[in-house]
Amino acid sequence: MADVVVLESRERVLAGILFTAAAYFLFSAQDASIKLLVAGMAVWQIMFVRSITVLVACGAIGGKRLFADTIDSPIVKPMLVRSAFTLAAWLCYYNAARSLQLAELTTIYYAAPIIVTVLSVLILGETVPLLRWIAVFIGFVGVFIACDPARLGLSLPVLLVLAAAVLWGIAVVLLRKTAMQERTMIQLVLNNFYFLLFSAVPALIWWHMPDGTQLLLLVSVGALGGVAQYMLFEGMKRAPVSIVAPFEYTSLVWAFALGFAIWGDLPRTEVFMGAALIIGAGLLIVGNEHFRKRERDS
């Protein structure tokens, strides 16, 4: 019986890792689409249309019953706070996208998993072993190198990305506190309803009529973001934050590939060095988790 429980636990954590990794691949594709869009329209408008797209999809899947259940959900108020942090993170991040390469943007942003690991201890009370703290330090060094203070300095785009990392780290920890309390679809509805609420007035003030290509990109942003959010929520339900957070690093590979494929970006040497350290830190955590599980099972 104990072996069955251990196996189910392993499979649950593995599913959480796979959901999270898939979510960040989709988020990378979404980021590339938004970077194309921010050249000609406000981030508020992008988030507004994205939220409408996700809510329409949720309505098509769950119908009126889903919205009725959402109104009665016990996480209506907690999700308001988390959604505010998430929206603030994305506003900072996507405004910085106008000035930075996708690879630079994504690499610097990877201060977020470091923040998540620290907050998972302070807020959630999760136990983080010494080796994982070492990996967090290595990841921090990687982020510092990628920022390249001697070249980029503390420019506004860099500060915006770092602010986004802090805000997103807080949002992820808050997500962990609400993820187990409610169905994923209800969390999606609440999250995007609040985004819609927050962004409606600014989006209408700075509205830009999209052309055919921009409209297609706007719809794709909604589709990619909606599926990515669903997978992220499901991943957080199945594994501790401090385990799944490092898998956000997988989107580094996609950011480099998409940046080169779409804009022909060749990241600076410092970005490659920082990304290598960040990925190494993530792999160190994965290896440590595998080793600890083998010790417990032996």
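Cut-offs and rules
- Residues numbered from 1 in each chain as written.
- Predicted model: local features only at pLDDT ≥ 70, side-chain atom pairs only at ≥ 80, totals over all residues.
- Heavy atoms only, no water.
- Helix = DSSP H or I, 4+ residues; strand = E, 2+ residues; numbered from the N terminus.
- Buried < 20%, exposed > 50% of the residue type's maximum accessible area, 1.4 Å probe, protein only.
- Areas by Shrake-Rupley, 256 points an atom, 1.4 Å probe, with all protein chains shown as cover.
- Phe/Tyr/Trp six-rings, centres within 6.5 Å; stacked < 30°, edge-to-face > 60°.

A.B. asks: What am I meant to see in the overall build of the protein here?
C.D. replies: Across its full length, the protein holds 12 helices and zero strands. Listed N to C, the secondary structure of the protein is α-α-α-α-α-α-α-α-α-α-α-α in terms of helices and strands. In the protein, which comprises 298 residues, the proportion classed as buried is 51%. Counting only carbon and sulfur atoms, one obtains 72% of the accessible surface of the protein, whose full area is about 13,500 Å².

A.B. asks: Would you mind showing me how to read the packing of aromatic side chains here?
C.D. replies: Within a pair of aromatic rings, the relevant descriptors are the distance that separates the centres and the angle that separates the planes. Evaluated as defined, the whole model comprises 11 aromatic pairs. Between Trp90 and Trp168 the ring centres are 6.1 Å apart and the planes differ by 20 degrees, which places this aromatic pair in the stacked class. Highlighted residues: Trp90 in helix α3 (residues 76–96) and Trp168 in helix α7 (residues 156–179), separated in sequence by 78 residues. Judged on exposure class, the residue Trp90 and its partner Trp168 are both buried. On the numbers, 5.1 Å between centres and 55 degrees between planes, the contact of Phe256 with Phe272 is tilted. With Phe256 in helix α11 (residues 251–263) and Phe272 in helix α12 (residues 269–297), this residue pair connects regions lying 16 residues apart in the sequence. A residue is classified by how much of its surface remains accessible, and Phe272, at 45% relative accessible area, is partly exposed. Of the aromatic side chains, those joined through ring pairs into one cluster are Tyr24, Phe27, Trp90, Trp168 and Phe195.

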